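Structural overview
Each chain, written out:
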Amino acid sequence: MDPFSLLSLPRRPFLDDEAIGSAYRRLAGALHPDQAGGDAAAFRELGEASAILCDPSRRLRELSGSLAGNQLPPQAADFFLKVASILHRSDSLTTQAATASTPLSKALLIAPLKNLASDLQETLAQLREWHSSLDRELHQLDRAWPESDPAALNLLADSFAYAGRWESQLRERELALEALLS
Amino acid sequence: MIAGIDLGTTNSLIGVYESGFPTLLADEEGKRLIPSVVHYGPTILVGQEARRMQSIHPNLTISSVKRLIGRRFGDEGTEGLTGTPGIPVTLPLDGGLLTPEEISSEILKKLKAIAEARLGTEVTRAVITVPAYFNDAQRAATRKAGELAGFTVERIVSEPTAAALAYGLDRLQESAKIAVYDLGGGTFDLSILQLDNGVFQVLSTHGDTQLGGDDLDQAIAALISSLASLPALSISDEIRLREGARSAKELLSTEEQTTIRLPFLESGRSLEITLTRSEVEKVCDPIIRRTRMHCLRALEDAGIKSSDLDQVILVGGSTRMPLVQQLVAEIFGKEPNLSQHPDEAVALGAVLQGAILEGNLQNVALLDITPLSLGIETFGGLMNVIIPRNTTIPAKAGEMFTNAVAGQSGMKISVLQGERELAADNWTLGSFEIPFPPAAKGVARVGVQFSIDADGILQVLARDTGTGAEKIVEIKSAVEVSDEAVEAMLAGSLEHAFEDMDARIFTEARLKAEEMLPAVESALEQLAAELPADEAKLIRHQAKEVTAALQGKETIRLKKALTNLDNATQTLATRLIEKAMKTSS
């Protein structure tokens, strides 16, 4: 299955989200099994293709032909411990907050929760900055395409995978903290 | 003909597609809204008649049974019921134990009778709506209720999705992003959709199946109780108070104040109390505010900002409250769209989904999603997601697993639904054992394939291929999948089986490292004064080794480093406890 040709989109590093979405809806609307002439198997395959193209990491691996992410990009290594420690702090404070039953114990948690929230926002801002730099690299690779270096594609794919996952994990914690502090 | 049914917590409706229009059907009294209340007297009563019996025979009358459907004792929402935790909920009624689906089926039978009386023909096929955030067990139980009522259930459709269909029917040429905020009697959902030339694509959904108008009624009842200094009430009085609270809530949507009169309570006194809208809003605010987080998460999952939304559609009876409308405006930064009938939009959407299935409504397609991730428990008690949440359905995905231990002669497959990393924190939908002859590590191979149909109901298929002897084990009503399909899936994933296993073990070790490293750091900090320098140095060295192994992504080195760190920090733990004891004494 070639996800690009399934969705009739150009086979290249950068694709616009809206373009993928509208190509998907045009085809999926007709293939949905509820429709006369629908085809459940083709519908599922189209869904998988769209999921690959919407995720820059999977899209780049599709182009490079390499499946697994084997490298820890240098910048990801920098973030690794920072993110891990914030996730850990956040989960343990959230658990404490959920079990804190007296006003005093809740009050005691506010200062550490606020500290955590500000550390989290700082790391999240750095992650977003990194993510934007990855987007710029993606555009560069796209301009050079198809002369792009496969190793660069793979490294960028891995970077996107880490950045995306950590960003959503931190964002999830940020929302949970916001709920606790409001 | 396919009927569309909104099986609500408080009220239910039925409709059909007639001469090109969705029409809701009324009972003999001309009412379309049928209270979801069942009374088990000499005869079974449903609807308004049952509601009248509720305060007289509270033990024989059931309302809001939807909050219990598909639940097990011990789940949230089952507080106050007696039963063995983990066992599906049953209620003692009618001289025996009844399941929520049996009780719901009485409501559906009533709706069926209304439709048949009105149309003069048998109605045997139905589309039934459920909250978007219902899990697999709740959806399956709702389907069962439909079958018990004599319906062939053609589709289980999510309520906000149905409401979006009702909203979008007049706007088929448009392209727009909308949010549907659905706050009903017992459940809350927020779904985000992209409408695009007749295609309704659900992008994300979040919700709470235990949050709705019932909770507001309860909070208002508690407010009345405390304002009037009521003593502990009998069950009948409790129900009358709850009804008083509900009607006060409804009146205060348009009035600034209202008086509640409950004469001749069983406790001997009569109650008369005046409530203002602001008093009631004060107790309702924290409950309604709980919807905010779900809205933000749904936006996050859809990858959009609230400013990208063209409309925020309100449905569900509770959205009549001015406070709800204000809060929605605050959350999304725009005035909500009130064009849809709060009680009827979902049922109309169910009718439209029926019309799509029958081919009566062409060029309209509904692309719904699964609200919760699906996966299995893997080695180490972790959730291994196979189909992530917000995946468009129907969908199918598979993965290959191998035995982790030499000589192992079987693999237990626990099917999970939920978003938590630890398997134990998610819902277990079912589990089964795949036996195979004792095999060396990594030799036995079990392919697990998940398939979600258009109803969002899951079928799981597992097959052992390690010995060449194939065996299919199914949970629920798994359909046969062609051997070729399974072969293709296996061929695709076999080569990655070992890498997968290694990755899982690394992940497990990584999780442990993520827990250990900050803990070690904080312990060292707290004990800086009393810890001998050489001991601290050793621990720092071991911690560095863990960090290095993490960065190098070396599984074996990481496991070894963690064990060393474990050993080196044992005295740290003892010292910490001693210190804590000293400080507190």
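The rules we used
- Residues numbered from 1 in each chain as written.
- Chains lettered and ligands numbered in written order.
- Predicted model: local features only at pLDDT ≥ 70, side-chain atom pairs only at ≥ 80, totals over all residues.
- Heavy atoms only, no water.
- Helix = DSSP H or I, 4+ residues; strand = E, 2+ residues; numbered from the N terminus.
- Rg over C-alpha atoms; globule rule 2.2 N^0.38 Å.
- Buried < 20%, exposed > 50% of the residue type's maximum accessible area, 1.4 Å probe, protein only.
- Contact = heavy atoms within 4.5 Å.
- Areas by Shrake-Rupley, 256 points an atom, 1.4 Å probe, with all protein chains shown as cover.
- Buried area = accessible area lost by both parts, 1.4 Å probe.
- Salt bridge = Lys/Arg side-chain N within 4 Å of Asp/Glu carboxyl O.
- Polar contact = N/O pair within 3.5 Å; in protein donor to acceptor, adjacent residues only side chain to side chain.
- Nonpolar A, V, L, I, M, F, W, Y, C, P; charged D, E, K, R; others polar.
- Pairing = 2+ DSSP bridges.
- Axes fitted to C-alpha atoms, helices over the stretch in contact; angles between N-to-C directions.
- Parallel < 35°, antiparallel > 145°, perpendicular 65-115°, else oblique.
- Left-handed = near helix turned anticlockwise from the far one by under 90°.

On a plain count of helices and strands, chain A comes out with 7 helices and 0 strands. When the helices and strands of chain A are read in sequence order from the N terminus, they spell out α-α-α-α-α-α-α. Rg of the C-alpha trace for chain A: 21 Å, well past the compact-globule value of 16 Å for 182 residues, more than 25% over. C-alpha atoms of chain A, sized along the principal axes, occupy 65 × 45 × 25 Å. With 182 residues in all, chain A has 41% of them scored as buried. Within chain A, contacts between residues at least 6 apart in sequence are counted, and of these 71% link residues at least 24 apart. Surface exposure of chain A reaches about 8900 Å², of which carbon and sulfur atoms provide 53%.

Across the contact, 31 residues belong to chain A and 38 residues belong to chain B. Summed over both sides, the interface of chain A with chain B buries roughly 2800 Å², with 56% coming from carbon and sulfur. Broken down residue by residue, the surface that chain A buries against chain B is led by Arg-25, Asp-34 and Arg-44 of chain A, which jointly contribute 24%. Its salt-bridge partner being Arg-292 of chain B, residue Glu-178 of chain A comes within 3.0 Å of it at the nearest N-O pair. For the interface between chain A and chain B, the tally reads 11 residue pairs in polar contact (both at pLDDT 80 or more). The set of elements that each furnish at least two residues to the side of chain A that touches chain B consists of α2 (17-31), α3 (40-54), α5 (74-99) and α7 (150-181) of chain A. Looking at the side of chain A that touches chain B, its residues break down into 15 nonpolar, 8 polar and 8 charged.

Residue and element names in this part refer to chain B. Spatial strand order, β17-β12-β13-β14-β18: 5 strands in an open sheet with mixed pairing. The outermost strands of the open sheet, each flanked by one partner alone, are β17 (311-315) and β18 (365-367). Pairs of neighbouring strands in the sheet enclose a mean axial angle of 25°, with direction left out of account. Summarising the sheet, strand β14 (residues 199-208) and β18 pair through 3 bridges and their orientation is parallel. By the bridge assignment, Gln-201 is partnered in β18 with Leu-367. Where helix α4 (residues 159-168) meets the sheet, it contacts β12 (175-183), β13 (188-196), β14, β17 and β18, and its direction lies at approximately 130° from that of β12.

All right, on to the sheet that holds strand β20 (residues 374-378) of chain B then. Residue and element names in this part refer to chain B. If you walk across this open sheet you meet the 4 strands as β21-β20-β24-β25, and the pairing is antiparallel. Lying at the two open borders of the sheet, with one neighbouring strand each, are β21 (382-387) and β25 (427-439). Between one strand axis and the next, the sheet turns through 30° on average, direction left out of account. Here 5 bridges tie β20 to β21, and the two strands are oriented antiparallel to one another. Note on β21: the bridge partner recorded for Ile-376 is Asn-384.

For side chains of opposite charge, pairing can occur when their charged atoms come near one another. Overall, the coordinates contain 35 salt bridges over all chains when judged by the stated rule. In this structure, Arg-67 of chain B and Asp-215 of chain B form a salt bridge, with 2.9 Å as the shortest nitrogen-oxygen distance. Remark: Asp-215 of chain B occurs in helix α5 (residues 213-227) and Arg-67 of chain B occurs in the loop between β7 (61-63) and β8 (91-93); sequence separation between them is 148 residues. Both residues of the pair, Arg-67 of chain B and Asp-215 of chain B, belong to the buried class. Taken together, the shared-partner salt bridges in this structure form one network comprising Arg-171 and Glu-174 of chain A together with Glu-300 of chain B.

All names here are of chain B. The contact between helix α12 (residues 533-551) and helix α13 (residues 555-568) brings their axes to 9 Å, and the two run at 160°. What the angle tells us is that α12 and α13 run roughly antiparallel. For the pair α12 and α13, the crossing hand works out as left-handed. Residues Leu-538, Ile-539, Gln-542, Ala-543, Glu-545, Val-546, Ala-548, Ala-549 and Leu-550 of α12 touch α13, and the partners they reach there are Arg-557, Leu-558, Ala-561, Leu-562, Asn-564, Leu-565 and Ala-568.

Moving on: unusual backbone geometry. For the bond running from Trp-145 of chain A to Pro-146 of chain A, omega is 5°, close enough to zero to count as cis. Tracing the sequence through the fold places Pro-146 of chain A in the loop between α6 (103-144) and α7. Phi is positive for Asn-197 of chain B, close to 50°, though the residue is something other than glycine. With respect to the helices and strands, the residue Asn-197 of chain B is situated in the loop between β13 and β14. Phi angles above zero are rare outside glycine, and Asn-363 of chain B is one such case at about 65°. By the element assignment, Asn-363 of chain B lies in the loop between α9 (345-358) and β18. Under the relative-accessibility criterion, Asn-363 of chain B is labelled exposed at 66%.

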